[in-house]
Each structure stands twice: as C-alpha cells, then as structure tokens.
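# Results of the structural survey
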Amino acid sequence: MAKIKRRSFIKLGAAGLSAAALSQFMSPLIDAKEKDNRPYVDRVTYRKVNGMPSTCNGCKAGCGIIGYVREGQLMKVGGNPAHPVNKGTLCLVGQAGFYRQYDPERLDKPMARIGQRGQGRWKEITWEEAIAAISEKLAKASGNVVVETRGGGSNEAAARDFVAKFDGTLVSHGSVISAARENALEGMFGVRTDFPDIENTSYILNFGANPFESDQNGVMSIAAITGHKDKGSYAKLVTFDPRLSATAGRSDEWVPVLPGTDAVVALAMANVIMEEGLYDNAFIAKHTNLKVAELKSRLSAYSPASAERISGVDADAIRRIAREYAKADKAVVLTGGGISCQGNGENNERAVRLLPIITGKINRTGCNLLAELPSAGPAVKSLTPDAFAKKLQEGKAKAWVYIVHSADPLYNSPMQSEMARALSDESAVPFIVATDTHVSDTGKYADIILPLATYLEEFGVEASYGPGGATVIGYRQPVVPVKGEAKPFADMLAEVATKAGRKLSFEDSESLAGQQAARFGANADSLAEKGFLHKAASINNAKINVSSIPGFALADEYKTIKLEELLLVTYKPAGFKAGFTENNILLKEIFHQNRAFINTDTAQKLNIKNWDKLALSSPAGKVEAIAVVSPGVQPKTLALAEGCGHEGFGHIEKAERFEGEDSFTKAIWWGNDGSGVNPNKLRVFNLGREAGGAGFALTKVTVEKA
C-alpha cells in the first residue's frame, strides 16, 4: 500500500511537471482574480485549469511555481519552467505544497488559552479581541519584545520593521545553519554568502553540505551536479561527512570524518598544497593580505598524519584529495551544517575557505563566486535561535511579549525539558503569541494563537541565487483565497503595531511586497506577471582579508569518549522542512519514523543488532529509538534524523487515523510504526563561539539496549 501511494504521488508530480514545461500551458496572469486564457489541462478530469505564477516557500531556494486553480480550487502546484532557479522542476516539498493548503487540521480562527500553559486548552476569539489583547501588552513592553520567525523574504522584513519599532530583538531561523558561515565569510571576503558555480566546475569538494536532502540552493544544486552527466562532462564529487547522506551516497568518494574535526583536515590539505608548490602565488600576492612564507610556517603544524590521528581520515587520502583539488582548473568548495553548526563552526569555515584562497579559485567560472544577495531589511538587534533559547532558559531573556512565527523553538532547542519549564514560567515570559497553521509544540504554551495564511495565500518578495550567482527576485502572490480567518504574518504585525500606536512602514503583505520589490530594483506589477526578475550577479572583488590563519584545537568532549558513548549527529531528511512539513500527509507517508543509525563495528562491540530498541541518554534527556546497523556512519557517531516526535500539530504528525474532510485521513497505515522521536531532547548547548549559531555535534549520547 505504501509503495503504491508513494509511486502514485511521485509519478503524478512528474507528469504534472512535464505538462507544465510546455509553453502553451504557461499562465502570464497579472492578478489572482483574472481568468487565464491559456489554461493547463488537468490530466485526471480533462478540465481546463487556470495557472498563477508565484514562489515556493518550502526553503530558501526560491523556486518558481505555478498554482493551477479550477473554480477557486487549487488542483496542483507545479514548477515554473521559465524560472531560472528550478526550470520547472520541484522537490518533494514543493510538490506536496498542495496538502499544506488543504490540511484538514489547519487553524482558521484565533484562539486564546483557557488552561495552564502546555495543556492545550483553548477558546475561539475574534480578531478584534486578539489584536486588542496583543497591542495592550505591546504598549507596555518596549525594549522587551522578541519576534522569532522561520526567516527569509518578506516575512523576515516585516519582523525587522516590527522589532525596530518596539526596540525589540529578532530571532531568525534563517541563521540556524548559516550563522557561522556568514560570520566567517564576512570577515574574510566582505560578503555574507557566496555561490559555488557547480554547473561549470570539474571538481566539487564538499565539507558537510547535503544538497540532495537539504540545501539553501535546493534543486538548482542537484541539477548542476547531475547535469554534468547529461552534458557528457565530468565533475568529481568528494564529500566529507560523518554520515552516508544522500549526497555522500551519490559522491565519487565519501570520507567519514569525525564531527567537528573538518578544520584540521582542511588545514592539512592546505599544508600539502603549500609544501608541494601547488598554490597560486600571483593570486595570493594580488588579491589577499597573506604572505606565502607565513602560510607555510603556520600550516606546517598540520601534517596529514596528525590530521589522521584526530579526524580518522587516512593521511594518504588527505594528500591525494588536496592534490586533486589544487590541480583542477575549475573547482568549488561546498560547506554546510556539518561543519558550521558546531562550537568551532567559524573556524571550520575559515579553514575550508583557505583552500580556494591559496589556489586562486575565487571569482572564476567553475569556482566559488563572491556574489552576495541583498538582505531582507535593515540591521536590528538579533540573536540566533539557540543563543536566545539559552538566555530564556537562564532567565536572562527580555521577552515580555514573545511572538513566534511559523517556528517551533521548543521542538528545536537544546535542553528541551528546560525550554518547556521556561515557557511555562509566566513571570519570565509573561505573554506568548504563536502565529502558525497548526498548534505546534511551542504553540501549546502560547497565550494567543493566530491562524497563519500559507505561502499560497499571501504576497511576498525574496531574493535567491540563480545560475552563475545571479540574483533572482521571486514574487509570491495569492493563488487561492485565504482559508477561514487566517491572515498573512505581515498583516498581523501591521494591525497590532497600529493598534499599539506604532504604525509600521507597510499596511499588509501586498504593500510590503511592493516595498521589497522596489528595494531590490524591481516593479511589483511586472513581477506579478512573470513571477520573477533575473538580475546579473553582483560580484565582490575587494581584497581578501585573512586577519589570522585558522588553527585547530581538539574539543574537550572528544578526549573522554567511552565505548558506550557516541557523538550525536542529527540531520534533516529529504522532504522535511521545519515549520512547513510537520503535518503534511503526503510527506509523512514517505518519512514518519526516524531510526538510530549505528556503525557496524561499533554495534558489534556493544552487542547491538538491527531493530533492537535502544535507550539513548545524555545530560539533556532520554529517548528510545530503533537501531539500524550500517557501515554508513562514522564509528564514533550515532545518526538520528530530525522532523519526528512532535508533541504538537495534529493527528497526521502523530500517525493517527481520524475522520476528516479528506479521505486520506482514514488511510493512515503507519500507526504501528509510530511517529518517531525528537533528537533535540538529547541535545545540549554548544553555541558557536563567535556568532552564537547552533552547535549540534558535541552531544555525547550513552547507548544501551532498552
């Protein structure tokens, strides 16, 4: 049954994408209320279906979509074949956006808490009552307002405007993975993001990124990697990752590195490059503040042999990969959460980024391009999610009014039991507002919950990368009417701010989208017609400043690992996007239970076999999970996926059948499998030492049979 449904879903998506790719089915609509004269034909009903260009909000990639609507009913979300980012393709999350819209458990009315926080007892209230209650609290909370948002695009711009008016603090989940990377890049290159020109490269050196499952450039990265075969060209892909991820599994070479030691491997590679004369002397002299003699001297401490003892990576492999990368005419480095989401994340990033600097592989075709995207808005006081969670748990957060937008800090934070205690304390956090499509784990502790419009019901503008590092301005517009009394986030903020006497610069999501379009040098009306604007890349050619050559120090946690202790590696599986997919039945059927992956040799030493129930414990908490014994994890680690084990949301997330508007709700077959566990219950704080980003890799987990 599962296979049939899954195949049907994917096959249907593929058929729809093929149809959408035909130009005669494209829809150049200007307004959602206008009829389309060149319709798409529904392959099931053979009826004409109107199309509306918009932008997906499943992740930060900014893929173009077409929403096909018949008589006010969304029939399909397809890819926009004219869009430079995804060129008509969509990932699972994009295809399943249909069900986010029509989830029978979506909230459609404001609610107020009537029991204790965490009990989940509510009463419906009017919008007038909700706005009045929130604005009354805001009027007395200046300087003590926190807005935590899923981040990105117009919604983050709205949050920035709001916290600026109330002298508050922004907590953006857009910085969870990228905080250390952005901090490191800004210090070295003067930009906060860069673009790896995978499409035109011949060598891909990947430290901790996972584009086939979770990547900021989404399907564009996948298409660029796989496109080399289609073009008859070849680009070798080498992946350093403690887990055999979907990307590692598609690599020419997978190198299982001990978490947190990527920097010492990169420094040893840099040492090989310098010692063997494979560096670009002219580039170093012209474009950097580095001196070759100093580089050689500092890097000499990091031999491949010493790196092997620390990281577990074979010294000969380090030498060979260093030579391959240096000798490749066109090569890129990829970095991701595997190296940046650690206490030494900034240092890991700097060490890896030293490789393209010394080999001159910067701002060249097929290399890393210093192309920066425009920011969502002006700078405001901000904290990363983990940094704020730590302050909250320590009673140091100034959060008299705490607004949580489409985020779930209780689920995602380390020391979850402490986070629940902090959210329960009304003296520490007097007023919590959750704006979401469902009652999330965090939402259960809210005083007021506001029903949130989906990305298919709101206006918005956001900037993302296109091929060659180009800037693509994507436009989001309502494809279907808003469900019930739900509202876009920008509309909510504008209303409560006005009521509190501090009017924002916009009135609703549409006017904000117009502002953002103008800020990015675009026109909202033109964007609405096409769905996007493709602009040339903005390349930064300023001199590269390396204030100090990166080093490496082994974290104390690695020095005292016992046999029964493993380092927790968490990851985001394909089809899961926090704040977007938790209750999506199409995606939950595919991935609904996470299992604990443990190395074959390690399992043998601990007498663990496939499907054994394991008791996992750390200083933060305990969970039970089913074991999967595999050679696809580094021997000193245990891998556990995120996205399962929520205590909020609905029956679908909990794998429970129920009577709903959709007959699918009675066909949930995976109830006996359970809904998995939350790996964050095990996670301890390990904040990035500079940017305060999340540090996932230094949680030691004791593993026993349950």
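Nothing here was measured: the structure is a model prediction, and the numbers come from that model.

## Quick notes on the overall build of the protein
- A count of helical and extended segments in the protein gives 23 helices and 27 strands.
- In terms of overall dimensions, the protein is globule-like: its C-alpha atoms have a radius of gyration of 25 Å, near the 27 Å expected for 706 residues.
- If one aligns the C-alpha atoms of the protein with their principal axes, the spans along those axes are about 70 × 55 × 55 Å.
- The buried share of the protein, taken over its 706 residues, is 62%.
- Residue pairs at least 24 apart in sequence account for 73% of intrachain contacts in the protein once pairs closer than 6 positions are excluded.
- Surface summary for the protein: the accessible area is close to 26700 Å², and the carbon and sulfur share equals 50%.
- In the protein, 84 side chains carry a positive charge and 79 a negative one; their mean positions are 2 Å apart.

## Observations concerning the packing of aromatic side chains
- One pass over the structure, following the stated rule, counts nine aromatic pairs.
- Taking 5.4 Å as the distance between ring centres and 85° as the angle between the ring planes, the aromatic pair formed by Trp-669 and Trp-670 counts as edge-to-face.
- Assessed through its relative accessible area of 27%, Trp-669 is described here as partly exposed.
- Cation over ring: Lys-390 sits above Phe-685, and NZ or CZ is 6.0 Å from the ring centre.
- Positioned over the ring face of Trp-127 is Lys-487, at 4.3 Å from the centre of the ring.

## Topic: the sheet that holds strand 15 (residues 382–383)
- Pairing is mixed across the open sheet formed by eight strands, whose spatial order is 6-5-18-17-16-7-8-15. The two strands at the open ends of the sheet, each matched to only one other strand, are strand 6 (122–124) and strand 15.
- Bridge count for strand 8 (residues 169–172) against strand 15 is two bridges, and the pairing is parallel. Across the sheet, Leu-170 pairs through a bridge with Ser-382, a residue of strand 15.

## Examining the pattern of salt bridges
- This structure, assessed with the given rule, holds 32 salt bridges.
- Between Arg-117 and Asp-447 there is a salt bridge, with the nearest N and O atoms lying 2.7 Å from each other. Of this pair, Arg-117 sits in the loop between strand 5 (111–113) and strand 6 while Asp-447 sits in the loop between strand 17 (431–436) and strand 18 (448–451), placing them 330 residues apart in sequence.
- The exposure class of Arg-117 is buried, given its relative accessible area of 8%.
- The buried category is assigned to Asp-447, whose relative accessible area is 9%.
- Two residues, Glu-213 and Arg-243, come together in a salt bridge whose shortest N-O distance is 2.9 Å. On the criterion of sequence distance, the pair formed by Glu-213 in the loop between strand 10 (203–207) and helix 7 (218–230) and Arg-243 in the loop between strand 11 (236–240) and helix 8 (246–249) is long-range, its members being 30 residues apart. The exposure classification of Glu-213 matches that of Arg-243, with both residues buried.
- Taken together, the shared-partner salt bridges in this structure form one network comprising Arg-113, Arg-117, Glu-426 and Asp-447.

## A short note on the state of the cysteines
- For the structure shown, the criterion picks out zero disulfides.
- Looking at Cys-59, it has no disulfide partner, and the nearest cysteine sulfur is the one in Cys-63, 6.0 Å off.
- For Cys-63, a relative accessible area of 9% puts it in the buried group.

## Observations regarding the packing of helix 9 (residues 262–275) against helix 15 (residues 345–359)
- Between helix 9 and helix 15, whose axes approach to 8 Å, the crossing angle comes to 20°. By the criterion of interaxial angle, the relationship of helix 9 to helix 15 is roughly parallel. When the axes of helix 9 and helix 15 are compared, the crossing they make is left-handed. Residues Asp-262, Ala-263, Ala-266, Leu-267, Met-269, Ala-270, Ile-273 and Met-274 of helix 9 touch helix 15, and the partners they reach there are Asn-347, Asn-348, Ala-351, Val-352, Leu-354, Leu-355, Ile-358 and Thr-359.
- Per-class residue counts for the contact of helix 9 with helix 15 are twelve nonpolar, three polar and one charged.

Definitions and limits used
Residues numbered from 1 in each chain as written. Predicted model: local features only at pLDDT ≥ 70, side-chain atom pairs only at ≥ 80, totals over all residues. Heavy atoms only, no water. Helix = DSSP H or I, 4+ residues; strand = E, 2+ residues; numbered from the N terminus. Rg over C-alpha atoms; globule rule 2.2 N^0.38 Å. Buried < 20%, exposed > 50% of the residue type's maximum accessible area, 1.4 Å probe, protein only. Contact = heavy atoms within 4.5 Å. Areas by Shrake-Rupley, 256 points an atom, 1.4 Å probe, with all protein chains shown as cover. Lys, Arg positive; Asp, Glu negative; His and termini not counted. Charge placed at Lys NZ, Arg CZ, Asp CG, Glu CD. Phe/Tyr/Trp six-rings, centres within 6.5 Å; stacked < 30°, edge-to-face > 60°. Lys NZ or Arg CZ within 6 Å of the ring centre and 35° of its normal. Pairing = 2+ DSSP bridges. Salt bridge = Lys/Arg side-chain N within 4 Å of Asp/Glu carboxyl O. Disulfide = S-S within 2.5 Å. Axes fitted to C-alpha atoms, helices over the stretch in contact; angles between N-to-C directions. Parallel < 35°, antiparallel > 145°, perpendicular 65-115°, else oblique. Left-handed = near helix turned anticlockwise from the far one by under 90°. Nonpolar A, V, L, I, M, F, W, Y, C, P; charged D, E, K, R; others polar.

Purely spatial values, then, with no claim about function.
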